[in-house]
Amino acid sequence: MLLDLSGKRALVTGIANNRSIAWGIAQQLHAAGAELAVTYLPDERGKLKQKVEELTAPLSPKLVLPLDVQQPQQITDAFESLAAAWGGLDILIHCLAFAQKEDLSGDFSAVSVEGFNLALDISAYSLIALSRAAKPLMTSGGAIVTLTYLGGVRVVPNYNVMGIAKAALEMNVRYLAAELGAQGVRVNGISAGPIRTLASSAVGGILDMIHHVEATAPLRRTVTQTEVGNAAAFLASDLASGITGQILYVDSGYCIMGI
Ligand SMILES: NC(=O)c1ccc[n+]([C@@H]2O[C@H](COP(=O)([O-])OP(=O)(O)OC[C@H]3O[C@@H](n4cnc5c(N)ncnc54)[C@H](O)[C@@H]3O)[C@@H](O)[C@H]2O)c1
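Quick summary incoming for the structure in this document. The model shown is predicted, which means the values in this text are computed figures rather than measured ones.

Moving on: the overall build of the chain. Helix and strand content of the chain: seven helices and seven strands. Its helices and strands taken in sequence order, the chain reads β-α-β-α-β-α-β-α-β-α-β-α-α-β from the N to the C terminus. Taken against the 2.2 N^0.38 rule, which gives 18 Å for 259 residues, the C-alpha radius of gyration of the chain at 17 Å falls within 12% of a compact globule. Over its C-alpha atoms, taken along the principal directions, the chain stretches across nearly 45 × 45 × 35 Å. Relative to its 259 residues, the chain shows a buried fraction of 51%. Treating the 18 positive side-chain charges of the chain as one cloud and the 22 negative ones as another, the clouds have centres 5 Å apart.

Attention shifts here to the sheet that holds strand E6 (residues 185-192). Pairing is parallel across the open sheet formed by seven strands, whose spatial order is E3-E2-E1-E4-E5-E6-E7. Only two strands of the sheet have a single neighbouring strand rather than two, namely strand E3 (63-66) and strand E7 (247-250). Geometrically, the sheet is characterised by an average inter-axis angle of 20° between neighbouring strands, direction not taken into account. The sheet strands contacting helix H3 (residues 72-86) are strand E1 (9-12), strand E2 (35-40), E3 and strand E4 (91-94), and the helix crosses E3 at an angle near 165°. Lying on the sheet, helix H4 (residues 113-134) is in contact with E4 and strand E5 (142-148); it crosses E4 at an angle near 165°.

In regular strands, side chains alternate between the two faces of the sheet. Both faces of E4 are covered, namely the face carrying Ile91 and Ile93 and the face carrying Leu92 and His94. The sheet contact formed by E1 and E4 spans three bridges and is parallel. Bridge pairing in E4 places Ala10 opposite Ile91. Relative to E5, E4 runs parallel, the two being bridged by four bridges. Residue Leu92 lies in a different strand from E5, and its bridge partner there is Ile144. The parallel pair E4 and E5 is bridged by H4, and the resulting crossover is right-handed.

Below, the discussion takes up the pattern of salt bridges. Pairs may arise between side chains of opposite charge once their charged atoms sit close together. Enumeration according to the criterion identifies five salt bridges in this entry. With a shortest N-O distance of 3.2 Å, Asp238 and Lys8 are connected by a salt bridge. Highlighted residues: Asp238 in the loop between helix H7 (225-236) and E7 and Lys8 in the segment before E1, separated in sequence by 230 residues. The salt bridge involving Asp90 is made with Arg9; its shortest N-O contact spans 2.9 Å. Residue Asp90 is located in the loop between H3 and E4, and its partner Arg9 is located in strand E1; the two are separated by 81 residues in the primary sequence. By relative accessible area, Asp90 is classed as buried at 12%.

Among the nonpolar cores identified, the biggest contains 48 residues, and Phe79, Leu82, Leu89, Leu92 and Ile144 are the most heavily contacted of them. Secondary structure elements with two or more residues in this core: H3, H4, helix H5 (160-180), E6 and helix H6 (206-216). If you tally residues by element for this core, the top one is H4, at nine residues. Those residues in contact with Phe79, other than ones at most four positions away along the chain, are Leu11, Leu89, Leu92, Leu130, Ala133, Ala134 and Leu137. With 36 residues, the next largest nonpolar core counts Ala26, Tyr40, Val145 and Ile190 among its residues.

Let us now look at the site of the ligand. Around the ligand, a shell composed of 26 residues is seen, among which Gly14, Ser20, Lys166, Ile195 and Thr197 lie nearest. Between Asp68 and the ligand, the recorded distance is 2.9 Å, taken from a side-chain N or O atom to a nitrogen atom. One of the side-chain nitrogen or oxygen atoms of Thr197 is found 2.6 Å away from an oxygen atom of the ligand. The fraction of the free accessible surface of the ligand (810 Å²) that becomes covered by protein chains is 93%. A class-by-class count of the residues in the shell around the ligand yields 18 nonpolar, six polar and two charged.

Turning our attention to the packing of aromatic side chains. Evaluation of the coordinates by the stated rule reveals one aromatic pair. Plain terms: the ring middles of Tyr149 and Tyr159 are 4.8 Å apart, the flat faces sit at 65° to each other, and that makes the pair edge-to-face. Taken together, the residues span a long stretch of sequence, with Tyr149 in the loop between E5 and H5 and Tyr159 in the loop between E5 and H5 at a distance of 10 residues.

Cut-offs used in this document
- Residues numbered from 1 in each chain as written.
- Predicted model: local features only at pLDDT ≥ 70, side-chain atom pairs only at ≥ 80, totals over all residues.
- Heavy atoms only, no water.
- Helix = DSSP H or I, 4+ residues; strand = E, 2+ residues; numbered from the N terminus.
- Rg over C-alpha atoms; globule rule 2.2 N^0.38 Å.
- Buried < 20%, exposed > 50% of the residue type's maximum accessible area, 1.4 Å probe, protein only.
- Lys, Arg positive; Asp, Glu negative; His and termini not counted.
- Charge placed at Lys NZ, Arg CZ, Asp CG, Glu CD.
- Pairing = 2+ DSSP bridges.
- Axes fitted to C-alpha atoms, helices over the stretch in contact; angles between N-to-C directions.
- Contact = heavy atoms within 4.5 Å.
- Right-handed = clockwise from strand over helix to strand, strands pointing away.
- Salt bridge = Lys/Arg side-chain N within 4 Å of Asp/Glu carboxyl O.
- Core = buried A, V, L, I, M, F, W, Y, C linked by side-chain atoms within 4.5 Å.
- Near = heavy atom within 4 Å.
- Polar contact = N/O pair within 3.5 Å; in protein donor to acceptor, adjacent residues only side chain to side chain.
- Areas by Shrake-Rupley, 256 points an atom, 1.4 Å probe, with all protein chains shown as cover.
- Nonpolar A, V, L, I, M, F, W, Y, C, P; charged D, E, K, R; others polar.
- Phe/Tyr/Trp six-rings, centres within 6.5 Å; stacked < 30°, edge-to-face > 60°.

And the structure:
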């Protein structure tokens, strides 16, 4: 069997620009034959809408939808639009996270309850909310893939509150997999190595992290958006039909190293 997503309908969240991991994923899903719908985070001046529309135009997405995961009505509206356009959904890519910049450096214990709740809401709870909305559309099975990082299982300097959010996200993967498996929906996470993006630039010392990976990972380099995209396409495909509730490390092997 070859990797083939033709006939599959995929919603990709989290594209902000051409560095976004979600953009790498969208391109690889498209290359494998999937039909796409994408979301953007609405802003007052409509800049992100325009950016995401222009960037994704070559992939001819069926829908380009506004989606701020902190706005329950936007989640409802987005999935109603999907239901109207497609009548179902096969693949959901959850590729978004946020924490305040001040909570991504310095003392971990300094995080405020507001900063904690914000990071957990956007970065972890959102997977539950989107999966719940996708559930009635994934009537003939499906695949949900989210993005996590090693800082959710080990202490990585400055990752701080986002590490807690990723720990929650990874447990969400397991609970959702257990629930949704009964209807043939698989839920998995990809733990990606550090990549320079808008989100990662908010993490204190991200360049040092990347250089450390380049010096110590078995492959002596960090990963690309395309490599993460390929892994996402695999997990979303029937080739991964026996895999659910797992975290797949796409990190040049960094996580196996002891020092
Ligand atoms: N870049 C890395 O080194 C790295 C490594 C491992 C995991 N990840 C994870 O990959 C995912 C994508 O991040 P990225 O690095 O591609 O950065 P990115 O900045 O390109 O993507 C983050 C996305 O989150 C979206 N977002 C933020 N708040 C939102 C909200 N309230 N509602 C909807 N969308 C919202 C942004 O619009 C953006 O598209 C994140 O979950 C991140 O934690 C990144």
